Amino acid sequence: MDPGSVEKAAAALLDAYATGTPISPLTKDHPDMSVADAYAVQLAQVEAWTAAGARIKGHKVGLTSAAMQRQMGVNQPDFGVLLDTMFLQDSAPIDTGRFLQPRIEPEIAFVLGRPLAGPGATAADAVAAVEYVLPALEVIDSRIADWKITLPDTIADNASSGGVVLGTRPVRLDDQDLSLMGCLLRRDGDLIDTGAGGAVLGSPINALVWLANVLGERGVTLEAGHVVLPGSITAAVPVAPGETLTATFAGIGSVTARFGKEELT
């Protein structure tokens, strides 16, 4: 894609945010869009957001589990950027109207205590960089109508990012085996799915290593204090106004996302 097409695609996605109206897949109008093109479209939006005052507070890794890859019809992970505007409070009402087509994903969030840079980062480097973990619920969303996405579509759309709810009790990695850590996902008290950390590339640590090395190739370092979402333990679950979703993780506790009811007009 030429620079003009990249800017046009980014503008279409930014307009979808502004209007609340999803657009057709970018790959429909740009069938030649590569993964590199898609990340250029993502970066153009991030630059627009930060120019408007938003701050980068971390990154997310998407499509790390077999369940999510099957659900989305892709075969490799991707990454997106987390902005300060995306963070939502545990158990506080969430304005469902800020999203277009929200789905929820339970994740084990990393908070870094020191920078982590690739390429060449190892699992030992990643573990040393993590200050603590938190239970998390990521709200994924798509600016592409009906979630009809290919890998370039979701990458361009900031890896289908929407928001993130973090738990409030930090737990250090000591004595925590993230690959064996189980999770129960409930909607309005009813169990709707289960999973374990091993669904995320064998361990969420592997997703953190992958991210550090991929970003390192682009000259980007994961910063101290930043949050990294390594990927979902289960398939994504659609959410609707008035619903409450809670993820409970063995050893690190629970996190709750409460979606507000739609107001009658």
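About the criteria used
Residues numbered from 1 in each chain as written. Predicted model: local features only at pLDDT ≥ 70, side-chain atom pairs only at ≥ 80, totals over all residues. Heavy atoms only, no water. Helix = DSSP H or I, 4+ residues; strand = E, 2+ residues; numbered from the N terminus. Contact = heavy atoms within 4.5 Å. Pairing = 2+ DSSP bridges. Phe/Tyr/Trp six-rings, centres within 6.5 Å; stacked < 30°, edge-to-face > 60°. Buried < 20%, exposed > 50% of the residue type's maximum accessible area, 1.4 Å probe, protein only. Lys NZ or Arg CZ within 6 Å of the ring centre and 35° of its normal. Core = buried A, V, L, I, M, F, W, Y, C linked by side-chain atoms within 4.5 Å. Expected span 1.5 Å × (residues − 1). 1 Å grid on protein atoms, 1.4 Å probe; cavity = no way out; pocket = protein on both sides within 12 Å on 5 of 7 lines; lining within 4 Å. Points joined across faces, edges and corners; volume = space filled by probe spheres on them. Nonpolar A, V, L, I, M, F, W, Y, C, P; charged D, E, K, R; others polar.

Undergrad: Hey, could you run me through the side chain of H30 in this one?
TA: Among the secondary structure elements, H30 is positioned in the loop between α2 (26-29) and α3 (35-51). Among all residues touching H30, those that are not within four sequence positions of it are M1, S5 and A9.

Undergrad: Any chance you could explain the sheet that holds strand β12 (residues 244-249) here in plain terms?
TA: The pairing of strands in a sheet happens through backbone hydrogen bonds and is either parallel or antiparallel. With mixed pairing, the five strands of this open sheet are ordered in space as β4-β13-β12-β8-β9. One side of each edge strand has no neighbouring strand; the edge strands of this open sheet are β4 (93-94) and β9 (190-196). Note: strand β8 (residues 182-187) against β9, six bridges, orientation antiparallel. The residue bridging R186 from the neighbouring strand is L191, located in β9.

Undergrad: Would you mind showing me how to read the packing of aromatic side chains here?
TA: The description of an aromatic ring pair rests on the distance of the ring centres and on the angle between the ring planes. Inspection of the entire model under this criterion finds two aromatic pairs. Ring plane angle 15 degrees and centroid distance 4.4 Å describe the contact between Y39 and F79, whose orientation is recorded as stacked. Of this pair, Y39 sits in helix α3 while F79 sits in strand β2 (residues 78-83), and the two are 40 residues apart along the sequence. Across the pair, exposure class does not vary: Y39 and F79 are buried alike. The residue whose ring lies beneath R218 is Y39, and the NZ or CZ to ring-centre distance is 4.7 Å.

Undergrad: So what exactly am I meant to see when it comes to the pairing of strand β1 (residues 56-62) here?
TA: Moving residue by residue along a regular strand, the side chains alternate between the two faces of the sheet. Counting buried positions over the seven residues of β1 gives five, a clear majority of the element. By the bridge criterion, six bridges tie β1 to β2 in an arrangement that is antiparallel. Considered in β2, the bridge of H59 is made with V81. For β1 and strand β10 (residues 227-229), the ladder comprises three bridges, and the chain directions are parallel. Following the sheet pairing, K60 is matched in β10 by L229.

Undergrad: For this particular structure, what's the right way to read the environment of D78?
TA: Note that D78 resides in strand β2. Note on D78: relative accessible area 1%, which makes it buried. For D78 and L63, which are 15 residues apart along the polypeptide, the C-alpha to C-alpha distance reads 6.4 Å. Residues in contact with D78, not counting those within four places in the same chain, are Y39, K60, V61, G62, L63, L151, T154, I155, A159 and W210.

Undergrad: Is there a simple way to explain the nonpolar core in this structure?
TA: Note on soluble globular proteins: their nonpolar side chains tend to be buried together. I104, L116, L137, L208, L222 and F259 are the most contacted members of the largest nonpolar core, which totals 69 residues. Listed in part, the 15 residues of the second largest apolar core include A54, M86, A136 and L229.

Undergrad: Would you take a moment to explain helix α7 (residues 204-217) for this structure?
TA: Structural remark: α-helix, 3.6 residues per turn; residues separated by three or four positions point the same way. In this model, α7 (14 residues) spans 20 Å end to end at C-alpha, consistent with the 20 Å of a helix rising 1.5 Å per residue. By the criterion of burial, α7 is predominantly enclosed, with eleven of the 14 residues buried. Of the residues making up α7, those classed as buried are P204, I205, A207, L208, V209, L211, A212, N213, V214, L215 and G216. Contacts from the buried residues of α7 go to β1, β2, β5 (103-112), α5 (123-129), β6 (130-140) and β10.

Undergrad: What is the right way to read empty space enclosed by the protein from this model?
TA: Taking a probe equal in size to a water molecule and rolling it over the atoms shows the remaining empty space. Within the structure shown, the criterion is met by one cavity of 30 Å³ or more. Roughly 90 Å³ of volume is contained in the largest cavity. In terms of lining residues, the largest cavity is bounded by 13 residues, among which L63, M68, T154, A159 and S160 are the most central. Class assignment of the residues belonging to the lining of the largest cavity gives a composition of seven nonpolar, three polar and three charged.

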